[in-house]
Amino acid sequence: MNKMTSKVLCCSRSSTALIITASTLVIVFTLRETSFHITSSIGPDSFVSDNTNTTDVVDSQVSYAKNGVNKLTKTFGRDFKKDNGNTVIDVTTASENLSAVYDEHQVFRYVSKIHATHFVPPQNETCEQREPGAYIVGVAKSGTRELLEFLGIHPKIVIRKQNGNYIIAKAYTSSNPLKSYMPCTYSSQIGLPKADTLFLRSELPQRLYKLNSKMKIIAIVREPVSRLISQITFAARQSDLKPHYVNEFIKHNMKDGRVSTAGKVLFFNLSMYDRCLDNYLKVFPRRQIHIVDADEFKSNPVRVFNKVVSFLGLYEFPAEKYFVYNQEKKFYCIRNPDDLQKMACYGSNRGRVKKKPLLPEYKYLLEQLYSPHNERFFSLLGERFNWNYN
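Residues numbered from 1 in each chain as written. Predicted model: local features only at pLDDT ≥ 70, side-chain atom pairs only at ≥ 80, totals over all residues. Heavy atoms only, no water.

Further remarks concern the overall build of the protein chain. Secondary structure summary: the protein chain contains twelve helices and 17 strands in total. In the protein chain, buried positions account for 52% of the 390 residues. For the protein chain, the exposed surface amounts to about 18,600 Å²; the carbon and sulfur share of it is 48%. (Helix = DSSP H or I, 4+ residues; strand = E, 2+ residues; numbered from the N terminus. Buried < 20%, exposed > 50% of the residue type's maximum accessible area, 1.4 Å probe, protein only. Areas by Shrake-Rupley, 256 points an atom, 1.4 Å probe, with all protein chains shown as cover.)

Below is the structure:
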């Protein structure tokens, strides 16, 4: 084995193996029987790298399909950042005694590799920027990014990322056509953008319909109170505020069971999914709208993946081969298609924000606020999620 890639120091049929990579990151994983299921973790928009332009997308898809993994490696490179909070090493005290590495850039690379491995470019056709065929319109702190990237393994779904961000999230406000922000696709592919707050914007459904009357609308929603708390906690962390800010936020912005501060209404209203869905149902047929339950996505991303793929009218794809459950993160990660002994997960600071417990009186106020909205949402949706308030 090339010592510049990895070196296995010990390994057996059902044992623990220690790998030391060239970058000195230490990874420990467990091999179980013949299923080769990995229970540990390695440090979960297109086919475009952080510094790749649209022209490069064409080269990436075609060159990888023709020449294999080496071409993709050259396209994406290996010198991703390790000092900006995205690559970290965590040592867990769990029973497995794992040493885990998380890196969101590596997640994206694995997604891109899987996508390209199964992609065969059509003959006599040019890859070009097109209007989006579908749109993930929200909701913030529900898993929009994870949903988008997990869907990105499908060879018929093309997502785009540049400079570390999903640059088309706010493209609708630009004077440039949305198409100019899209990744290049072939006629059989769907360019899929995502945004965090478009589900709430009442003017957006009409704009998107005028853009493409056959567009498929996707939204992932999370239990309203937990989504709100997650957003408040995230905002507090970004502003270096203390954890107890969550309770102060609720106290300051609610009065008599209602939101009293106009400037913070967006935080609360993003969890009122009935209003959001109603705006889209006034413009789009119900058959063109798909709602993902964030709890189901967290517990069974393969099932959610299959539902969305079917909704988009695409062929089935073996997502179960590439989604691997991470015992420490309690979430699924992406398996390396070149080495099934490895997987990549999102940075340890993602999905692991420490939250100050919400005081019972504020939890009750929020449940009372959202309960009628939940019931109306379920009625519009035609199904119920497990959001039961006592």
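Evaluation of the coordinates by the stated rule reveals two disulfides. Each bonded cysteine in the protein chain gets a number by its place in the sequence, and the pairs come out as 1-2, 3-4. (Disulfide = S-S within 2.5 Å.)

For E296, the position within the fold is in helix α10 (residues 294-299). Overall, E296 belongs to the buried group, its relative accessible area being 17%. Excluding anything up to four places from it in sequence, E296 contacts P301, R303, V304 and K307. (Contact = heavy atoms within 4.5 Å.)

On to the nonpolar core, then. Ranked by size, the top nonpolar core spans 37 residues in total, and within it L147, I153, L192, I218, L312 and F323 carry the most contacts. Contributing elements (two or more residues each) for this core: α3 (104-117), β7 (134-136), α4 (144-151), β11 (216-221), α10, α11 (301-311) and β16 (331-336). With six residues, α11 is the single largest residue contributor to this core. With near-sequence residues (within four places) excluded, L312 lies in contact with A134, I157, I190, K216 and I218. (Core = buried A, V, L, I, M, F, W, Y, C linked by side-chain atoms within 4.5 Å.)

Right, let's talk about the packing of helix α6 (residues 224-238) against helix α12 (residues 360-381) for a bit. Contact pair α6 / α12: the axes reach a minimum separation of 9 Å and the direction vectors enclose 125°. Taken as axis vectors, α6 and α12 run oblique relative to one another. Each of P224, V225, L228 and I229 in α6 lies in contact with α12, whose residues at this interface are L366, E367, Y370 and N374. For the contact of α6 with α12, the residue count by class is six nonpolar, one polar and one charged. (Axes fitted to C-alpha atoms, helices over the stretch in contact; angles between N-to-C directions. Parallel < 35°, antiparallel > 145°, perpendicular 65-115°, else oblique. Nonpolar A, V, L, I, M, F, W, Y, C, P; charged D, E, K, R; others polar.)

Considering every residue of the protein chain, the mean pLDDT works out to 74; 66% of them sit at 70 or more. Contacts from residues 1-100, a stretch scored under 50 in pLDDT, to residues over four places away or in other chains number 243 contacts. (pLDDT = per-residue confidence, 0-100.)

The subject of this paragraph is the sheet that holds β7. A sheet is described by the order of its strands in space; here three strands give the open sequence β7-β11-β14, paired in parallel fashion. Sheet topology places β7 and β14 (289-293) at the edges, where each strand pairs with a single neighbour. If you compare each strand with its neighbour and ignore which way they point, the axes differ by 20° on average. The pairing of β11 with β14 spans five bridges and is classified as parallel. Looking across to β14, one finds that V221 is bridged to D293. Contacting β7, β11 and β14, α4 crosses the sheet at an angle of about 145° to β7. (Pairing = 2+ DSSP bridges.)

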